[in-house]
Amino acid sequence: MLVVMKAQATEEQISAVCKKIEELGYRAHSMPGAQRTAIGITGNRGEVEPGTLDEMPGVQELIRVSKPYKLVSRDVKAENTVISFAGTDATFGGPGLAVIAGPCAIESRDQTMAVAEQVFRAGAQFFRGGAYKPRTSPYSFQGLGEQGLQIMAEVRDKFGMKIVTEAIDNESMDLVEKYADVIQIGARNMQNFSLLKRAGRARKPVLLKRGMSATLEEFLMAAEYVMSEGNYKVILCERGVRTFADHTRNTLDLSIVPAVQRLSHLPIVVDPSHGTGKRNKVTPLSRAAIAVGADGLIVEVHHEPDRAMSDGNQSLYPEQFDELMKQVRQIAPVVGRMVPAIGNHPRAEALSAQSSVRSAISPLA
Ligand code: PEP
Ligand code: MN
């Protein structure tokens, strides 16, 4: 059930309706839109009895939501959700594209700083890297844990890039929530419902990757889990699905971008690195992702991919990422988007004072 408030409904009327919903034993999710506020009701097993809600001041109408997902749906919120971050003009879902780049795993301080400086110069606003790695083999590198998070925090301090990193279980979530700007939930955990609920209680935006065999509806229901706990800042991420095709690691399903945008107000970014698993396919698929209307990209970059402790084959060399950014800047305006200028990074000015960085920044500024 969805309570649609009148355009001129007051804050008091909206709070009174939310209070009533809670008194009835449900959970109220107030979603302000440009035209009017809608209040989603969750926690009900069957039909909500409209009864008194219908008659309350400021209420325009009650709508029964027939789709299994409610809060992710455009029925609740017609306008795109825009997720922004204090101290930067980077957003997910705004006119500016969000570019997240960095290594698959945080391996050492030196490796991280080397990659961070290069992706920052090329124009990434977000830095990615795993401190907790969900590996297929228990014998593979599992990540540096909190030490890795501390190194990422240093990257944020030095470059002003916001930090995106994965939580693989409830334990790591506590630390990831403390250090990260965006909490990543990986493909393998897309249906880890207790982790999704924990992410829903976190105070940071969540980047939710599509499970490798998840349908569109399963993907949206996973986002619904996060939102149902009160965290409405969810960024969806297409990262490829398993098919019979063996020329790539996964099959990047770009058609899910317009499919999601039709049904949901949530931003969606594309991961062409895991989506292809092949370095030579990352740039072409990045171009396609921007052209199809994605809200951004998440790209793996390593300064020495041959020595990478994970996903070296799909990691771009920094120069290749720089070239990718140039191409993205050309394509973005064709689809009505832009890439925030590197000069708008809060730390760009300070860094450009250092001559070694200035020469790299100025051609792009
Ligand atoms: C990653 O981003 O490094 C990762 C493990 O991705 P996915 O969950 O999509 O496999
Ligand atoms: Mn990876």
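Predicted model only: the values in this text are computed from it and were never measured. (Residues numbered from 1 in each chain as written. Chains lettered and ligands numbered in written order. Predicted model: local features only at pLDDT ≥ 70, side-chain atom pairs only at ≥ 80, totals over all residues. Heavy atoms only, no water.)

### Remarks on the overall build of the protein chain
1) Next: Helices and strands together make up the secondary structure of the protein chain, namely 13 helices and 14 strands.
2) Next: Scaling as 2.2 N^0.38, a compact globule of 365 residues should have a C-alpha radius of gyration of about 21 Å, and the protein chain matches this with 21 Å.
3) Next: By its C-alpha atoms, the protein chain is 65 × 45 × 35 Å across when sized along the principal axes.
4) Next: Across the 365 residues in the protein chain, those meeting the buried criterion constitute 55%. (Helix = DSSP H or I, 4+ residues; strand = E, 2+ residues; numbered from the N terminus. Rg over C-alpha atoms; globule rule 2.2 N^0.38 Å. Buried < 20%, exposed > 50% of the residue type's maximum accessible area, 1.4 Å probe, protein only.)

### Considering the coordination of the manganese ion (ligand 2)
1) Next: Coordination of the manganese ion (ligand 2) by the protein involves Cys104 (SG), His274 (NE2), Glu300 (OE) and Asp311 (OD), with metal-donor separations of 2.0 to 2.4 Å.
2) Next: Positions of the donor residues of the manganese ion (ligand 2), expressed as sequence spacing, correspond to C-x169-H-x25-E-x10-D. Taken together, the positions of Cys104 in the loop between β7 (98–102) and α3 (109–122) and His274 in helix α9 (residues 272–276) put the pair 170 residues apart, joining distant regions of the chain. (Donors = N, O, S within 2.8 Å, 3.2 Å for Na, K, Ca; no water.)

### Considerations on helix α7 (residues 216–228)
1) Next: The terminal C-alpha atoms of α7, which comprises 13 residues, lie 18 Å apart, in line with the 18 Å expected from a rise of 1.5 Å per residue.
2) Next: Three or more residues of α7 are buried, namely Phe219, Leu220, Ala222, Ala223, Glu224, Val226 and Met227.
3) Next: As for α7, its buried residues are in contact with β2 (27–32), α6 (193–200), β11 (206–209), β12 (234–238), α8 (256–263) and β13 (268–270).
4) Next: Remark: Gly230 follows α7 within two positions and exhibits a positive phi of approximately 105 degrees. (Expected span 1.5 Å × (residues − 1). Contact = heavy atoms within 4.5 Å.)

### Points about helix α11 (residues 318–331)
1) Next: With 14 residues, α11 extends 20 Å from end C-alpha to end C-alpha; this agrees with the ideal 20 Å at 1.5 Å per step.
2) Next: Turning to α11, its buried residues number three or more, namely Pro318, Phe321, Leu324, Met325, Gln327, Val328 and Ile331.
3) Next: Residues of α11 that are buried sit in contact with β7, α3, α10 (279–292) and β14 (296–300).

### Let's talk about the packing of α7 against α8
Packed helix pairs are characterised by how far apart their axes lie and by the angle those axes make with each other.
1) Next: Running from N to C, α7 and α8 cross one another at 55 degrees; their axes reach a closest spacing of 11 Å. One way to sum up the angle between α7 and α8 is to call them oblique. For the pair α7 and α8, the crossing hand works out as right-handed. Note on element contacts: α8 touches α7 through Ile256, Ala259, Val260 and Leu263, opposite Leu216, Phe219 and Leu220.
2) Next: Here the contact of α7 with α8 is composed, by residue class, of seven nonpolar, no polar and no charged. (Axes fitted to C-alpha atoms, helices over the stretch in contact; angles between N-to-C directions. Parallel < 35°, antiparallel > 145°, perpendicular 65-115°, else oblique. Left-handed = near helix turned anticlockwise from the far one by under 90°. Nonpolar A, V, L, I, M, F, W, Y, C, P; charged D, E, K, R; others polar.)

### Here's the deal with the pattern of salt bridges
1) Next: This structure, assessed with the given rule, holds 17 salt bridges.
2) Next: In this structure, the salt-bridge partner of Asp181 is Arg156, at a minimum N-O distance of 2.9 Å. Separated by 25 residues along the polypeptide, Asp181 in the loop between α5 (170–179) and β10 (182–185) and Arg156 in helix α4 (residues 146–159) bring together distant segments of the chain.
3) Next: Using a relative accessible area of 18% as the deciding quantity, one classes Arg156 as buried.
4) Next: By sharing partners, the salt bridges in this structure join Lys19, Lys20 and Glu23 into a single network. (Salt bridge = Lys/Arg side-chain N within 4 Å of Asp/Glu carboxyl O.)

### Comments concerning the nonpolar core
1) Next: Within the largest apolar cluster, 77 residues are counted, with the highest numbers of intra-cluster contacts made by Val119, Phe127, Met161, Leu208, Leu236, Phe321 and Leu324.
2) Next: If you count residues domain by domain, this core takes at least three from each of domain 1 (2–63) and domain 2 (83–348).
3) Next: Residue contacts for Leu324: discarding those within four places in its chain leaves Val282, Thr283, Ser286, Leu297, Val299 and Leu316.
4) Next: Formed by 17 residues, the second largest nonpolar core is a distinct cluster that contains Cys18, Ile39, Val48 and Val59. (Core = buried A, V, L, I, M, F, W, Y, C linked by side-chain atoms within 4.5 Å. Domains from an automatic or database assignment.)

### Some thoughts on the site of ligand 1
1) Next: Neighbouring ligand 1 are the residues Cys104, Arg128, Lys133, Glu166, Gln184, Gly186, Ala187, Arg188, Lys209, Arg239, His274 and Glu300.
2) Next: At a separation of 2.9 Å, an oxygen atom of ligand 1 approaches a polar side-chain atom of Arg188.
3) Next: A distance of 3.4 Å is found between an oxygen atom of ligand 1 and a side-chain nitrogen or oxygen belonging to Glu300.
4) Next: Of the residues contributing to the shell around ligand 1, the split by class is two nonpolar, three polar and seven charged. (Near = heavy atom within 4 Å. Polar contact = N/O pair within 3.5 Å; in protein donor to acceptor, adjacent residues only side chain to side chain.)

### What to know about the sheet that holds strand β1 (residues 2–5)
1) Next: Spatially, the four strands line up as an open sheet ordered β2-β3-β1-β4, and their pairing is antiparallel. Bordering the open sheet on either side are β2 and β4 (59–63), each of which pairs with just one other strand. Between one strand axis and the next, the sheet turns through 20 degrees on average, direction left out of account.
2) Next: Note that β1 and strand β3 (residues 37–42) share three bridges and pair antiparallel. Looking across to β3, one finds that Val4 is bridged to Ala38.
3) Next: The strands touched by helix α1 (residues 11–23) within the sheet are β1, β2, β3 and β4, with β2 carrying the most contacts at an inclination of about 155 degrees. (Pairing = 2+ DSSP bridges.)

### What about the domain arrangement of the protein chain?
1) Next: Along its sequence, the protein chain is carved into domain 1 (2–63) and domain 2 (83–348).
2) Next: Centre-to-centre, using C-alpha coordinates, domain 1 lies 35 Å away from domain 2.
3) Next: The interface of domain 1 with domain 2 comprises five residues on the first partner and six residues on the second.
4) Next: A buried area of about 410 Å², summed over both sides, lies between domain 1 and domain 2, and 52% of it is on carbon and sulfur atoms.
5) Next: On the domain 1 side of the contact with domain 2, Arg27, His29 and Met31 bury the most area, a combined 80% of that side's loss.
6) Next: Where domain 1 packs against domain 2, one counts zero salt bridges.
7) Next: At the junction of domain 1 and domain 2, the tally comes to two residue pairs in polar contact (both at pLDDT 80 or more).
8) Next: Each residue belonging to the side of domain 1 that touches domain 2 can be placed in one class, and the counts come to two nonpolar, two polar and one charged. (Buried area = accessible area lost by both parts, 1.4 Å probe.)

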